[in-house]
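Examining the three-dimensional arrangement
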Amino acid sequence: IMDGEARHTVKLPTLHVGDFTLKAEKNFPVVEVVPYEITTKKRVMDLPADGEGNFAPGDEILKIAVIERHGRQNRMTVGAILGIGLKGGAIATTIAHDSHNLLVVGDSDSDILAAVKALIACQGGYAIAAGGKALMTQPLPVAGLFTDDPDSGIEENVAAMLKLARQMGVREGVDPFTTLSFMALPVIPELRVTDGGIYDLLAGEMVVPARKIGG
């Protein structure tokens with residue numbers, strides 16, 4: 001792979017806050033994180049609604065989105081997730097087994113968009129956003145998975161990001177990056193969010209469809 005190609009792997013159309021809107025549906029399949037594990041449980045819930053009938057994250061239930069970031073499909077899936085504990089912000093990563101798409105969780109669409117934009121800007125890695133802007137990033141510009149900068153201070157930076165995530169409510173038993181990185185891997189029970197839809201492993205079917213982005 002050419003060096004230039006390896007450094008330009010986060011290829012997204014222009015995104016807007018409205019792209020992350022999700023209707024507050026009844027009996028929606030929600031991903032529940034299992035502490036200290038990479039398995040999940042399927043919870044069927046009525047999503048809390050705002051005044052316009054859209055899903056309003058809060059009270060433990062966050063929004064999750066997986067965006068195809070390799071410039072091939074221009075699609076993403078938006079769902080709901082329980083058990084992370086994050087409040088007042090969003091966390092995003094491009095390390096998302098097995099397809100390494102862009103995965104983001106948060107409780108506001110503006111913070112979700114800010115975290116996504118931060119990863120577009122640094123071409124992959126980790127990002128934490130709040131107040132509509134990125135607070136911290138760890139660039140992983142080689143394929144969105146690695147850094148080849150020996151002086152990047154990655155261990156200290158990621159440790160500081162972990163501390164910030166805990167301050168924002170991410171609970172013990174949930175690694176804001178490692179746990180999230182498995183939420184899109186569709187071979188582990190019970191429910192996974194992929195760029196092709198929300199997949200129910202036990203039923204062997206997509207239970208929520210993906211959506212096209214960028215026109």
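Here is a short report on the structure shown in this document.

Rules and cut-offs
- Position numbers for residues count from 1 along each chain, tracking the sequence in the order it is written.
- Reporting in this predicted model follows two pLDDT cut-offs: at least 70 for local features of residues, and 80 or more for side-chain atom pairs to be given and counted; totals over whole chains, interfaces and linings ignore these cut-offs and use all residues.
- Side-chain measures here rest on the full set of heavy atoms in the structure, leaving out hydrogens and waters.
- Put simply, DSSP H or I for four residues or longer makes a helix, DSSP E for two residues or longer makes a strand, and each gets a number counted from the N terminus.
- By definition in these notes, contact holds between two residues if any of their heavy atoms fall within 4.5 Å.
- Multiplying 1.5 Å by the helix residue count minus one yields the expected span of that helix.
- Whether a residue is buried, partly exposed or exposed follows from its accessible area with a 1.4 Å probe, protein chains only, as a fraction of its type maximum: under 20%, in between, or over 50%, in that order.
- By this definition, two strands are paired if DSSP reports at least two bridges between them.
- Every angle, taken between N-to-C directions, lies between 0 and 180 degrees, and every axis is a line fitted to C-alpha atoms, over only the stretch in contact when it is a helix.
- Each reported salt bridge corresponds to a side-chain nitrogen of Lys or Arg within 4 Å of a carboxyl oxygen of Asp or Glu.
- Two rings belonging to Phe, Tyr or Trp (six-membered ring only in the last case) form a pair when the distance between their centres is within 6.5 Å. Interplanar angles under 30 degrees mark stacking, angles over 60 mark edge-to-face geometry, and anything in between is tilted.

What to know about the environment of glycine 124
Locating glycine 124 in the fold gives a position in the loop between helix 2 (109–122) and strand 7 (125–130). Apart from the residues lying within four places of it in its own chain, the contact partners of glycine 124 are Val10, Thr94, Leu119, Gln138, Pro139, Leu140, Pro141 and Gly144.

Overview of helix 2
Taking 1.5 Å of rise per residue, the 14 residues of helix 2 would be expected to cover 20 Å, and the 20 Å separating its terminal C-alpha atoms lies within 8% of that figure. The element helix 2 is extensively covered by neighbouring structure, given that ten of its 14 residues are classed as buried. Buried within helix 2 we find Asp109, Asp111, Ile112, Leu113, Ala114, Ala115, Val116, Ala118, Leu119 and Cys122. Close packing links the buried residues of helix 2 with strand 3 (61–67), strand 5 (90–93), strand 6 (102–106), strand 7 and strand 8 (133–139).

Describing the sheet that holds strand 10 (residues 197–200)
The three strands are arranged 9-10-11 in an open sheet whose pairing can be described as antiparallel. Taken across any chain shown, the strands that pair with only one partner, and hence form the sheet edges, are strand 9 (191–194) and strand 11 (205–209). Looking at each pair of strands side by side, their axes are set apart by 30° on average, direction ignored. Note: strand 9 against strand 10, four bridges, orientation antiparallel. Considered in strand 10, the bridge of arginine 192 is made with tyrosine 199.

Notes on the pattern of salt bridges
Inspection of every chain in the model, using the stated rule, returns seven salt bridges. The partner of aspartate 200 in a salt bridge is lysine 42, with the nearest N and O atoms 2.7 Å apart. Placement of the pair is aspartate 200 in strand 10 and lysine 42 in strand 2 (residues 40–45), with a sequence separation of 158 residues. A residue is classified by how much of its surface remains accessible, and lysine 42, at 32% relative accessible area, is partly exposed. Ionic pairing is found between lysine 87 and glutamate 60, a salt bridge with its closest N-O pair at 3.8 Å.

So, the packing of aromatic side chains
This model, assessed by the stated rule, comprises one aromatic pair. With 4.1 Å between their ring centres and 15° between their planes, tyrosine 126 and phenylalanine 177 make a pair best called stacked. Within this pair, whereas tyrosine 126 is found in strand 7, its partner phenylalanine 177 is found in the loop between helix 3 (154–167) and helix 4 (178–181), the two being separated by 51 residues in sequence. Summarising the burial analysis for this pair, tyrosine 126 and phenylalanine 177 share the class buried.

Let's talk about the pairing of strand 9
Residues of strand 9 alternate between two faces, with Leu191 and Val193 on one and Arg192 and Thr194 on the opposite face, all of them buried. Between the end of strand 9 and the start of strand 10, which pair antiparallel, lie two residues.

Re the environment of aspartate 98
Here aspartate 98 is to be found in the loop between strand 5 and strand 6. Separated by 91 residues in the primary sequence, aspartate 98 and proline 189 have C-alpha atoms spaced 15 Å apart.

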